[in-house]
Amino acid sequence: MKKISLFTLLLVIQLAVFADDKKTMVETVQSSEPSLGLSQTEMLIVVLLLFLVVLVFVSVTLLNAFKVMYQEQLHPTPYQAPLKAEPLNYDDWLKGKKKGASIWEKLLSLKPMEQEKELEIDHAYDGIKELNNPVPAWFNYLFFGTMIIAFAYLFYYHIGGYGDLQDQEYENEMAQAKIEKAAYLQKSANAIDETTVKVDNTEAVLAEGKNIFEANCKVCHGDKGQGLIGPNLTDEFWLHGGGINNVFKTIKYGVPEKGMISWEKNLNPKQISAVANFILTLAGTNPASAKAAQGEKYAEKNPQDNAMKEPADSLKAKDATER
């Protein structure tokens, strides 16, 4: 009867705590945003199930604890006086020890003190005797292991030719670096905008820009940039500013009020940069039947300030000679 009353009281306390925690969880979950791809209702169900599992585990543990305490009250364990054991002398303790060397003693080639006389060498200096202590086993294993590894290395890299030597590894890494560099340049090329674009007069860039110009721009600006519907691109006058930054910006966003569309949806930043660089090379070509100048004369302070620069070598020839 006492067990039933105790369990009933414990169950009522747990249900009250569960109801209070459930209310708190509902308010918390309803005020939070859905996470992990689950709705608020699903998150609430998961939390309640986890709480129910923890609650059952705690209930069972407490029930077992109360059960042990109740049994102890009904049938107390009698007190037992400690047994008085006679002290064991050192000789008897040595006899009861496990005979034979341990793994540690075998590994380090250790000998007990009782065998010290067996290790003495038959000579003495001023009464000082020398012991014949062998090299530890681990040192021998390490020594012969290095010899085996050295032979395997020699066979794998030099005799069998299965592995790459340092010069070949260097060539492989340089080839891989070129691939990674090309991938990086391809990725970074699409991150160009009107503030980071640079003047690039390399042959590949100008050839790409010329193809894009002939395919998209010559309808309005002429095949040589002399100007048709659009303005002349070969003189020093610009309607929206000259220089690589302004030309890139004009191509990218266009001038809708004057009939020029935005090309940022048709061309990627690398292509816009290429055609902008090609347009700059048309300056001063003076094609026949060129359209009259429009806009204002644009004079760039120093075009080289915005030109692409090769990365400087960190080790100069003079430094290399000195080193």
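What counts and what doesn't
Residues numbered from 1 in each chain as written. Predicted model: local features only at pLDDT ≥ 70, side-chain atom pairs only at ≥ 80, totals over all residues. Heavy atoms only, no water. Axes fitted to C-alpha atoms, helices over the stretch in contact; angles between N-to-C directions. Helix = DSSP H or I, 4+ residues; strand = E, 2+ residues; numbered from the N terminus. Parallel < 35°, antiparallel > 145°, perpendicular 65-115°, else oblique. Contact = heavy atoms within 4.5 Å. Nonpolar A, V, L, I, M, F, W, Y, C, P; charged D, E, K, R; others polar. Pairing = 2+ DSSP bridges. Phe/Tyr/Trp six-rings, centres within 6.5 Å; stacked < 30°, edge-to-face > 60°. Buried < 20%, exposed > 50% of the residue type's maximum accessible area, 1.4 Å probe, protein only. Patch = residues over 30% accessible without salt bridge, like charges linked within 9 Å, V, L, I, M, F, W, Y side chains within 5 Å. Areas by Shrake-Rupley, 256 points an atom, 1.4 Å probe, with all protein chains shown as cover. Salt bridge = Lys/Arg side-chain N within 4 Å of Asp/Glu carboxyl O. Expected span 1.5 Å × (residues − 1). pLDDT = per-residue confidence, 0-100. Lys, Arg positive; Asp, Glu negative; His and termini not counted. Charge placed at Lys NZ, Arg CZ, Asp CG, Glu CD.

*Asks:* Outline the packing of helix H7 (residues 203–216) against helix H10 (residues 269–281), supporting the account with residue identities and numerical values.
*Replies:* H10 packs onto H7 with a crossing angle of 90° between their chain directions and a minimal axis gap of 7 Å. As the angle between them shows, H7 and H10 are arranged roughly perpendicular. Between H7 and H10, the residues in contact are Val205, Leu206, Glu208, Gly209, Lys210, Ile212 and Phe213 and Lys270, Gln271, Ala274, Val275, Asn277, Phe278, Ile279 and Thr281, respectively. Among the residues making up the contact of H7 with H10, the classes are represented as 8 nonpolar, 4 polar and 3 charged.

*Asks:* Tell me what's going on with the pairing of strand E1 (residues 120–125), and back it up with residues and numbers.
*Replies:* Where E1 lies against strand E2 (residues 128–131), 3 bridges are found, and the strand directions are antiparallel. From the neighbouring strand, glutamate 120 faces E2, where its bridge partner is leucine 131.

*Asks:* For the packing of aromatic side chains, give the residues involved together with the corresponding values.
*Replies:* Enumeration according to the criterion identifies 7 aromatic pairs in this entry. With a centroid separation of 6.1 Å and 45° between ring planes, the pair formed by phenylalanine 155 and tyrosine 162 is classed as tilted. The class of phenylalanine 155 is partly exposed, set by a relative accessible area of 39%. Take tyrosine 162: its relative accessible area is 58%, and that puts it in the exposed class. Aromatic side chains phenylalanine 213 and phenylalanine 278 sit 5.5 Å apart centroid to centroid with 55° between the ring planes, which places their arrangement in the tilted category. Taken together, the positions of phenylalanine 213 in helix H7 and phenylalanine 278 in helix H10 put the pair 65 residues apart, joining distant regions of the chain.

*Asks:* Describe a nonpolar patch on the surface, with residues and values.
*Replies:* Taken together, the side chains of Trp104, Leu107, Leu110, Val135, Trp138, Phe139, Tyr141, Leu142, Phe143, Phe144 and Met147 make up a nonpolar region of the molecular surface, amounting to roughly 1200 Å² of accessible area. Among the secondary structure elements, those contributing two or more residues to the nonpolar patch are helix H4 (103–108) and helix H5 (137–159). No other element matches the 7 residues that H5 contributes to the nonpolar patch. Along the chain, the position of tyrosine 141 falls in helix H5. Note on tyrosine 141: relative accessible area 60%, which makes it exposed.

*Asks:* Would you mind going over H5 in detail, with residue names and values included?
*Replies:* Between its terminal C-alpha atoms H5 stretches 31 Å, which fits the 33 Å expected from 23 residues at 1.5 Å a residue. The positive-phi residue at the C-terminal boundary of H5 is glycine 161, with phi of around 70°.

*Asks:* Residues and numbers for the confidence of the model for the protein, please.
*Replies:* For the protein, mean pLDDT is 79; residues scoring 70 or higher make up 79% of the total. Across residues 25–35 the pLDDT falls below 50, and counting only partners more than four positions away or on other chains, this stretch makes 11 contacts in the model. Within the model, the stretch residues 304–323 combines pLDDT values under 50 with 13 contacts to residues more than four positions away or in other chains.

*Asks:* Account for a negative patch on the surface, with residues named and values stated.
*Replies:* The grouping of Asp164, Asp167, Glu169, Glu171 and Glu173 at the surface amounts to a negative patch. Tracing the backbone shows aspartate 167 in helix H6 (residues 166–189). Judged by its relative accessible area of 53%, aspartate 167 falls in the exposed class.

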